[in-house]
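Now for the letters of each chain:
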Amino acid sequence: MSPIEEYLQSNARRFQELLFEWLRIPSVSAIPECKGDVHRAGQWLQDYFTSLGLTSELIRTEGHPLVYAETPPVSGAPVVLVYGHYDVQPADPLERWDTPPFEPTERDGNIYARGASDDKGQLLTHVFAAEACMQGGKRLPFQIKFIIEGEEEVGSASLSKYLKENRKKLAANCVLVSDGCMFGPAQPAITYGLRGIVAMEMTLRGPSRDLHSGVFGGAVMNPAVALTRMLAAAIDENGKIRIPDFYKDVLPITESEHTQFSMLPFNEEQFFEKIGVAKSVGEKGFTSLERRWSRPSFDINGLTSGYQGEGSKTVIPSVASAKFTFRLVPNQNPAEIAANAKTFFESIKPEGVSIEIKYEHGAAGMVVDIDESKFIPPAAAALEQTFGRPPVFTREGGSIPIVAELSQVLKAETLLIGWGQDDDNAHSPNEKFSIGAFRDGILASARFWAEVGRSAAVNERLRT
Ligand code: BES
Ligand code: ZN
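Treat the numbers as computed from the prediction; the structure is a model and nothing was measured.

Undergrad: Tell me about the coordination of the zinc ion (ligand 2), residues and numbers included.
TA: Note on the zinc ion (ligand 2): its protein donors are His 85 (NE2), Asp 118 (OD), Asp 179 (OD) and Asp 179 (OD). The metal-donor distances range over 1.8 to 2.5 Å. Every donor counted, the 6 donor atoms about the zinc ion (ligand 2) form angles of 54 to 159° at the centre, which fits irregular coordination. Motif for the zinc ion (ligand 2), donor spacing along one chain: H-x32-D-x60-D. Here Asp 118 is found in helix 3 (residues 116–133), whereas its partner Asp 179 is found in the loop between strand 7 (174–177) and strand 8 (189–194), with 61 residues between them in sequence. Exposure remark for Asp 179: the relative accessible area of 13% places this residue in the buried category.

As structure tokens, this is what we get:
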């Protein structure tokens, strides 16, 4: 066993305890009451970086803090910037959790807690791997920088601003992102694409107060009826989004990508069965992997109006609102899509209600040019050494808002490798992260650092 592997083995318990400690902090970025906890989670990470002897900072922003850390620079050698997030999604509905979301629990080889997989557990693998590579005061032959944010789940506004003002500080050759998934329990993946997003909220207001639906029903516009009619009009029976010009910038799926997807070891039936879905439904003419990874989509994320308690209440609600998102593919422009959606909904609004549409946040999708990548070969080697088989190349349907911007502003390539699973219940009750994935993730990351170090050393030798 190599000294690094020995270090990982003898520290495995401690690493898990550290993760548990961090998971106990409810760093929910969306909930204002959690602001102090989000700060505490950032502080926790910065303290850990400091304990490793790294130069580190907790950077205050208008929103939640950023955590920055770096190993010593090595002139002429590559710089890898690790990006991740320490904020988490709200835990509700709480009653659906088998154990409380912020009391991490070990069960059946998994760690159950909000943020276990998305993204605290995954993020820490790189920190612990770097720690293992630097044990005993060893210097890395290249530089690792860490930029970790607390606003990923709410659109990354503060990091976006910080990035533009600190290009030099964050400069890197590669941005390493571990906030995604493998392609199955034993199948490592390199993700070469993410979808973008546009998040909006629409509120319809009708009568000045809730009304008796018998006394007034049929004679006034019910905002809930208006809202559901309008939302239903956004998508047709073939799964096509009806916002004007919505598809104008969507690049067609190439023949080779279509073939590549169809060769992936994907068991469609099993995949949908696990989530209680009998059959994939979506845009006609596309496979379910294409629908999830390479085609845009529209979803209602929250719908609020009227009486929600037990039994019935005969009421015409005065207000109805919906939170909804579009998932975008690369080349679609989030601001333009948001503007067109607003115009569309305003144009179909029935008489008798007023409308307010808010653009919450947006981000572009991205794809990596696999053939041009310098960091995929060392990553693929590290993955194969760890999981015993080469990675497959996948895209993801989820969004990591800052990723496209990081690579554009820093002119760095993006490397997305993750240790999560599709069924980790990210954003759902009973989120989990497998202890095996946590351990393998640390090992794979350490091997990646070793591979990058090796090629940095080779380059150095070639230059001298
Ligand atoms: N980790 C996810 C994104 C993800 C999911 C990547 C699955 C790859 C596979 C991330 O934390 C996330 O959930 N992002 C949000 C962003 C949004 C709130 C702006 C998302 O995709 O909903
Ligand atoms: Zn995440």
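Undergrad: Could you give me a rundown of the site of ligand 1, with the residues and numbers involved?
TA: Near ligand 1 there are 15 residues, and of these Glu 152, Asp 179, Arg 327, Ser 399 and His 427 occur at the shortest range. Separating an oxygen atom of ligand 1 from a side-chain N or O atom of Glu 153 is a distance of 3.0 Å. Within the backbone of Ser 399, an N or O atom sits 2.8 Å from a nitrogen atom of ligand 1. Isolated, ligand 1 exposes 510 Å² of accessible area, and the fraction of that covered by the protein chains is 87%. Residues that form the shell around ligand 1 fall into these classes: 3 nonpolar, 6 polar and 6 charged.

Undergrad: Quick one: what's the story with unusual backbone geometry, residue by residue and with numbers?
TA: Between Asp 92 and the following residue, Pro 93, the backbone shows a cis peptide bond with an omega angle of 0°. Relative to the helices and strands, Pro 93 is located in the loop between strand 3 (79–85) and strand 4 (105–107). A cis amide bond, omega 10°, links Asp 118 with the succeeding residue Asp 119. Looking at where Asp 119 falls in the secondary structure, it is placed in helix 3.

Undergrad: Please give an account of the sheet that holds strand 18 (residues 432–434) that cites residues and values.
TA: Spatially, 4-5-18 is the arrangement adopted by the 3 strands of the open sheet, whose pairing is antiparallel. The sheet terminates laterally at strand 4 and strand 18, the two strands that pair on one side only. Looking at each pair of strands side by side, their axes are set apart by 30° on average, direction ignored. Where strand 4 and strand 5 (residues 110–112) come together, 3 bridges link them in antiparallel fashion.

Undergrad: Hey, could you go over the layout of surface pockets for me, with residue numbers and the actual values?
TA: As a volume, the second largest pocket reaches approximately 400 Å³. Surrounding the second largest pocket, 18 residues form its lining, Phe 183, Gly 184, Pro 185, Lys 274 and Gln 421 being those nearest its centre. Of all the elements in the fold, those that place two or more residues in the lining of the second largest pocket are helix 9 (268–273) and helix 14 (435–463). When residues in the lining of the second largest pocket are grouped by element, the largest group, 3 residues, is from helix 14. Of the residues belonging to the lining of the second largest pocket, the class tally is 8 nonpolar, 6 polar and 4 charged.

About the criteria used
- Residues numbered from 1 in each chain as written.
- Chains lettered and ligands numbered in written order.
- Predicted model: local features only at pLDDT ≥ 70, side-chain atom pairs only at ≥ 80, totals over all residues.
- Heavy atoms only, no water.
- Donors = N, O, S within 2.8 Å, 3.2 Å for Na, K, Ca; no water.
- Tetrahedral: all angles 85-135°; square planar, octahedral: opposite > 155°, others 65-115°.
- Helix = DSSP H or I, 4+ residues; strand = E, 2+ residues; numbered from the N terminus.
- Buried < 20%, exposed > 50% of the residue type's maximum accessible area, 1.4 Å probe, protein only.
- Near = heavy atom within 4 Å.
- Polar contact = N/O pair within 3.5 Å; in protein donor to acceptor, adjacent residues only side chain to side chain.
- Areas by Shrake-Rupley, 256 points an atom, 1.4 Å probe, with all protein chains shown as cover.
- Nonpolar A, V, L, I, M, F, W, Y, C, P; charged D, E, K, R; others polar.
- Pairing = 2+ DSSP bridges.
- Axes fitted to C-alpha atoms, helices over the stretch in contact; angles between N-to-C directions.
- 1 Å grid on protein atoms, 1.4 Å probe; cavity = no way out; pocket = protein on both sides within 12 Å on 5 of 7 lines; lining within 4 Å.
- Points joined across faces, edges and corners; volume = space filled by probe spheres on them.

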